[in-house]
Amino acid sequence: MPHLPVMYAQVMEGLRIRQDGTYLDGTFGRGGHARGVLGQLNAGGRLLLMDKDPEAIRVAEREFGADARVAIRRGSFADLGEWLGDEAVAGEGLDGVLFDLGVSSPQLDVAERGFSFAKDGPLDMRMDPESGESAAQWLARADEREIADVLWTYGEEKQSRRIARAIVARRVDAPFLRTAQLADAIASVVPRGKDKSHPATRSFQAIRIFVNRELDDLERGLDAAYAALKPGGRLVVISFHSLEDRIVKRFVAGRAKAPPANRRMPEIATFVPTLRAIGDARKADAAELAANPRARSAVLRVAEKLAEAA
Ligand SMILES: C[S@@+](CC[C@H](N)C(=O)[O-])C[C@H]1O[C@@H](n2cnc3c(N)ncnc32)[C@H](O)[C@@H]1O
């Protein structure tokens, strides 16, 4: 399936693109949103592109490498500050940052990437296959308790303990090396849900989030993006599950309004908001949901750095 950019119109509106502005797309994917941003920039504008995935970066270089307005870097957006520390890259700061989180359709569709329980492939799940531990390596060494904790924390999987027990029992006979092997092991102890989803859906999500340190990266990435934005700059984030959205929501709220008054916290009296939420969380509209099932769980939030925050 081609990668359709999620909530495209809302992203463009949220970024409020200035023709000569500098924008960062921290999750290039296949460039659906990036192409839209670039199309609105004039010769003075700049677009900075990042992705952890070497395949995504190859596409970015092939398509945009020759455009003098574009700079490309392979790596996590959590480390965007290191890149932007070089003044030639970001100049006076960013007018907008986009994070469209999670995995891209090509990552899910190519069995060899090992993300999918529906397509048998090597059990990998790394967005950057050259860094960190694969799902197979982790499942070979983690103890039962750690596996159960990951499934519970990142997948909200109620059967986390049963699944962890089954994994540890089965790996004695043969290590988990293929996605189908893991999906079968999970299906053998967890019945199909009422919504007919595959019983391995939540476990695969959990292991993917863990292996890629997605929530840590998001927290660091939000801080780094905030630091790099100019006053008036916009932050646009699309989340695909509640754990991510909770982090984004708290991040914005923590800078947008003071916590309830508390006599033991006199510093609250001097609280100055440095970020403003632009509207509420948004969801994809019915037409998009009909055309793109990936949009079903998407939640988009927009925030603006305030002038006083400089
Ligand atoms: C949902 S896709 C983005 C799709 C893109 N907006 C488009 O329209 O084609 C998410 C992409 O973000 C990348 N990604 C996820 N977490 C990342 C991180 N912490 N740093 C950099 N890239 C990341 C993934 O490798 C994937 O290519």
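Residues numbered from 1 in each chain as written. Predicted model: local features only at pLDDT ≥ 70, side-chain atom pairs only at ≥ 80, totals over all residues.

Colleague: Looking at this model, I keep getting lost on the overall build of the chain. Mind explaining?
Modeller: Secondary structure assignment for the chain yields 14 helices and seven strands. Here the chain has a C-alpha radius of gyration of 21 Å; the compact-globule value for 310 residues is 19 Å, and the two agree. Its C-alpha atoms put the chain at 60 × 60 × 40 Å along the principal axes. Looking at the chain as a whole, 43% of its 310 residues qualify as buried. Look at the contacts in the chain between residues 6 or more apart in sequence, and 65% of them connect residues 24 or more apart. (Helix = DSSP H or I, 4+ residues; strand = E, 2+ residues; numbered from the N terminus. Rg over C-alpha atoms; globule rule 2.2 N^0.38 Å. Buried ≥ 20, exposed ≤ 12 C-beta atoms within 10 Å, placed from the backbone. Contact = placed C-beta atoms within 7 Å.)

Colleague: Help me understand the site of the ligand, please; the structure alone is not making it clear to me.
Modeller: Taken together, 24 residues sit near the ligand, with Pro5, Thr27, Gly29, Gly32 and Asp53 positioned nearest. Those elements that place two or more of their residues in the shell around the ligand are α2 (32-40), β2 (46-51) and α12 (214-228). Its residues placed into classes, the shell around the ligand shows seven nonpolar, 11 polar and six charged. (Near = placed C-beta within 6 Å. Nonpolar A, V, L, I, M, F, W, Y, C, P; charged D, E, K, R; others polar.)

Colleague: What's the story with the domain arrangement of the chain in this structure? I'm lost.
Modeller: Accessible area lost upon the coming together of the parts is a frequently used measure of interface size. Assigned domains of the chain: these are domain 1 (8-105 + 214-309) and domain 2 (128-211). Centre-to-centre separation of domain 1 and domain 2, based on C-alpha positions: 31 Å. (Domains from an automatic or database assignment.)

Colleague: Explanation requested: the pairing of strand β4 (residues 94-100) in the structure shown.
Modeller: Look at any regular strand and the pattern is simple: side chains alternate between the two faces of the sheet. Of all seven residues in β4, seven are buried, a share of seventy percent or more. Pairing analysis gives six bridges linking β4 to strand β5 (residues 229-239), with the strands arranged parallel. Bridge pairing in β5 places Leu98 opposite Val236. (Pairing = 2+ DSSP bridges.)

Colleague: Could you clarify how one ought to interpret the pairing of strand β7 (residues 299-305) in this entry?
Modeller: Burial within β7 is extensive, with seven of its seven residues counted as buried. In this structure, β5 lies alongside β7, joined through six bridges in antiparallel fashion. What sits directly across from Ile238, in β7, is Leu300. Of the pairings in the sheet, the one linking strand β6 (residues 275-277) to β7 comprises three bridges and is antiparallel in character. Each bridged residue has a counterpart across the sheet, and for Leu275 the counterpart in β7 is Lys305.

Colleague: What should I look at first to understand the sheet that holds β4 in this one?
Modeller: Where strands meet in a sheet, backbone hydrogen bonds hold them as pairs that are either parallel or antiparallel. A sheet is described by the order of its strands in space; here seven strands give the open sequence β3-β2-β1-β4-β5-β7-β6, paired in mixed fashion. The open sheet terminates on both sides in strands that have one partner only, identified here as β3 (70-74) and β6. Neighbour-to-neighbour, the strand axes of this sheet turn through a mean angle of 15 degrees, independent of strand direction. Inspection of the sheet shows strand β1 (residues 22-25) paired to β4 by three bridges, in the parallel sense. (Axes fitted to C-alpha atoms, helices over the stretch in contact; angles between N-to-C directions.)

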